[in-house]
Amino acid sequence: MRKKLVLIISLLLVASIALAACQKATPAPEVPTEEPVVEEKVKVCQITDTGGIDDKSFNATAWKGITDAQDQLGIEGKYLESKEVADYEKNLNAFIEEECDLIVTVGFLIGDATAAAAEANPDVKFSIVDYNYDPAIANVTGQIFNTDEAAILAGYLAAGVTKTGIVGTFGGLPIPTVTIFMDGFYKGVAKYNEVKGTDVQVLGWDPAAPDSGLFSMSFDDQQKGNELAKSLMDEGADIIMPVAGPVGLGAAAAIKERGNAYLIGVDSDWALTSPEYADITLTSVMKLMDATTMQVIQS
């Protein structure tokens, strides 16, 4: 019996050693691993007008649309500032070479450069704020606004608030995207006069006599805005709507210094974007370019 038991144990030991050797000689098959898929972010690139990215106005508002898309859609956002008109073409070419998925240009003045770039690069997508092409360009989405409708409300309000019976406005340049604000403002005052039987006067703009309009001829010279606001206040205006981007900040400073007039902001809510002037900001004529820029990015 003992010999049989020893024999069985010996056989079991031999079998286990053989099995271990077999397992060692035959490695387990490797499980194939897939390379992780890296999804490239959509790149949206903005080119500013000469007012700069932090103009508290239309450039900054359009850029907010891109930063909102960064937060909500996970895109990549970049910008280039145009210090002068000659920078438009250079900045467009830079972003085309960088292969941006969407190039957003801001302002009426960059319209010709955007059209030329889009027609020369039909596979690149563009969107331009404050411009619409007729005939349309297939790879360009225009963002345009019925700004006069909101400005009418501001003019009506100004006419109801003024103590002197005189309000004023001035623009940056005599271009349609500026004068549309001034048209609405003037018509709002006229409507108030019609409804209330008053005779509130508008300085700086008359749609029937555009050549006599008041303009700073700049979107960045704040000193000029300061001077124009003082001139309007000297003529009796106690509510002023500057339509000139950062130039309006110069007007706001003059109004705050005098302390006897109100400002009407444009493009964005000036009580939020320039809180130092919130106490003299009667209201703002907003265009919500952040919302339309976001919609273009989504599409």
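Quick summary incoming for the structure in this document. Since we're looking at a predicted model, the values are computed, not measured. (Residues numbered from 1 in each chain as written. Predicted model: local features only at pLDDT ≥ 70, side-chain atom pairs only at ≥ 80, totals over all residues. Heavy atoms only, no water.)

### Side note on the pattern of salt bridges
Going through the model one piece at a time under the given rule, you end up with 12 salt bridges. The shortest N-O distance in the salt bridge between Asp-87 and Lys-90 comes to 3.3 Å. Highlighted residues: Asp-87 and Lys-90, both in helix H3 (residues 87-97), separated by three residues, approximately one helical turn. Here Arg-258 ties to Asp-234 by a salt bridge, and the two come within 3.1 Å at their closest N and O atoms. Of this pair, Arg-258 sits in helix H8 (residues 247-258) while Asp-234 sits in helix H7 (residues 222-234), and the two are 24 residues apart along the sequence. (Salt bridge = Lys/Arg side-chain N within 4 Å of Asp/Glu carboxyl O. Helix = DSSP H or I, 4+ residues; strand = E, 2+ residues; numbered from the N terminus.)

### Here's the deal with the pairing of strand S4 (residues 125-129)
With respect to burial, S4 is a largely interior element, four of its five residues being buried. Pairing between strand S3 (residues 102-106) and S4: five bridges, direction parallel. Of the residues in S4, the one forming a bridge with Val-104 is Ser-127. In terms of handedness, the path from S3 via helix H4 (residues 111-120) over to S4 forms a crossover that is right-handed. Strand direction decides the pairing type here: S4 and strand S5 (residues 140-143), joined by four bridges, are parallel. Counterpart to Phe-126 in the pairing with S5 is Val-140. (Buried < 20%, exposed > 50% of the residue type's maximum accessible area, 1.4 Å probe, protein only. Pairing = 2+ DSSP bridges. Right-handed = clockwise from strand over helix to strand, strands pointing away.)

### Description of empty space enclosed by the protein
As enumerated under the stated definition, the model contains one cavity of 30 Å³ or more in all. Quantified by volume, the largest cavity comes out at close to 150 Å³. Around the largest cavity sit 17 residues that line it, and Phe-58, Asp-130, Thr-177, Val-178 and Phe-219 are the ones nearest its centre. Among the secondary structure elements, those contributing two or more residues to the lining of the largest cavity are helix H6 (176-196) and strand S9 (262-267). When residues of the lining of the largest cavity are assigned to their parent elements, the largest contribution, three residues, is made by H6. Here the residues of the lining of the largest cavity sort into 10 nonpolar, three polar and four charged. (1 Å grid on protein atoms, 1.4 Å probe; cavity = no way out; pocket = protein on both sides within 12 Å on 5 of 7 lines; lining within 4 Å. Points joined across faces, edges and corners; volume = space filled by probe spheres on them. Nonpolar A, V, L, I, M, F, W, Y, C, P; charged D, E, K, R; others polar.)

### Overview of the pairing of strand S6 (residues 166-171)
Consecutive residues of a regular strand have side chains that alternate between opposite faces of the sheet. For S6, the buried fraction is high: five of the six residues fall into the buried class. Relative to strand S7 (residues 201-203), S6 runs parallel, the two sharing three bridges. Counterpart to Gly-168 in the pairing with S7 is Leu-203. Crossover handedness for the path S6 to H6 to S7: right-handed.

### Section: the nonpolar core
Counting residues in each nonpolar core, the largest one holds 24 residues, and the members touching the most others are Val-167, Val-178, Phe-185, Met-241, Val-243, Ile-264 and Val-285. For this core, the secondary-structure elements that each account for two or more residues are helix H5 (147-161), H6, strand S8 (239-243) and S9. If you tally residues by element for this core, the top one is H6, at six residues. Ignoring sequence-local partners within four residues, the contact set of Val-178 consists of Gly-171, Gly-172, Leu-173, Phe-215, Phe-219 and Val-243. Membership of the second largest hydrophobic core comes to 20 residues, among which are Ile-240, Ala-252, Trp-270 and Ile-280. (Core = buried A, V, L, I, M, F, W, Y, C linked by side-chain atoms within 4.5 Å. Contact = heavy atoms within 4.5 Å.)

### Some thoughts on the layout of surface pockets
There is about 240 Å³ of room inside the largest pocket. Only S4, S5 and helix H10 (289-298) provide two or more residues apiece to the lining of the largest pocket. A volume near 190 Å³ is recorded for the second largest pocket. Lining of the second largest pocket is provided by Lys-56, Ala-60, Thr-61, Lys-64, Asp-267, Ser-268, Asp-269, Leu-272, Thr-273, Met-286, Leu-288 and Asp-290. Secondary-structure elements contributing two or more residues to the lining of the second largest pocket are helix H2 (58-73) and helix H9 (270-273). It is H2 that provides the largest number of residues to the lining of the second largest pocket, a total of three residues. Split by residue class, the lining of the second largest pocket holds four nonpolar, three polar and five charged.

### Some details on the environment of Leu-173
With respect to the secondary-structure elements, Leu-173 resides in the loop between S6 and H6. Since its relative accessible area comes to 18%, Leu-173 is described here as buried. For Leu-173 and Phe-219, which are 46 residues apart along the polypeptide, the C-alpha to C-alpha distance reads 7.8 Å. Once residues within four sequence positions are removed from consideration, Leu-173 is found in contact with Leu-109, Val-178, Phe-215, Met-217, Ser-218 and Phe-219.

### Some points on the state of the cysteines
Counted according to the given criterion, the structure contains one disulfide. The disulfide that involves Cys-45 links it to Cys-100, with 2.0 Å between the sulfurs. Negative torsions about the S-S bond denote left-handed disulfides, and the value of about -85° found for Cys-45 with Cys-100 makes this one left-handed. A residue pair is termed long-range when its members are at least 10 positions apart, and Cys-45 in strand S1 (residues 43-47) and Cys-100 in the loop between H3 and S3 qualify at 55 residues. Under the relative-accessibility criterion, Cys-45 is labelled buried at 0%. Taking relative accessible area as the criterion, Cys-100 reaches 8% and is therefore assigned buried. (Disulfide = S-S within 2.5 Å.)

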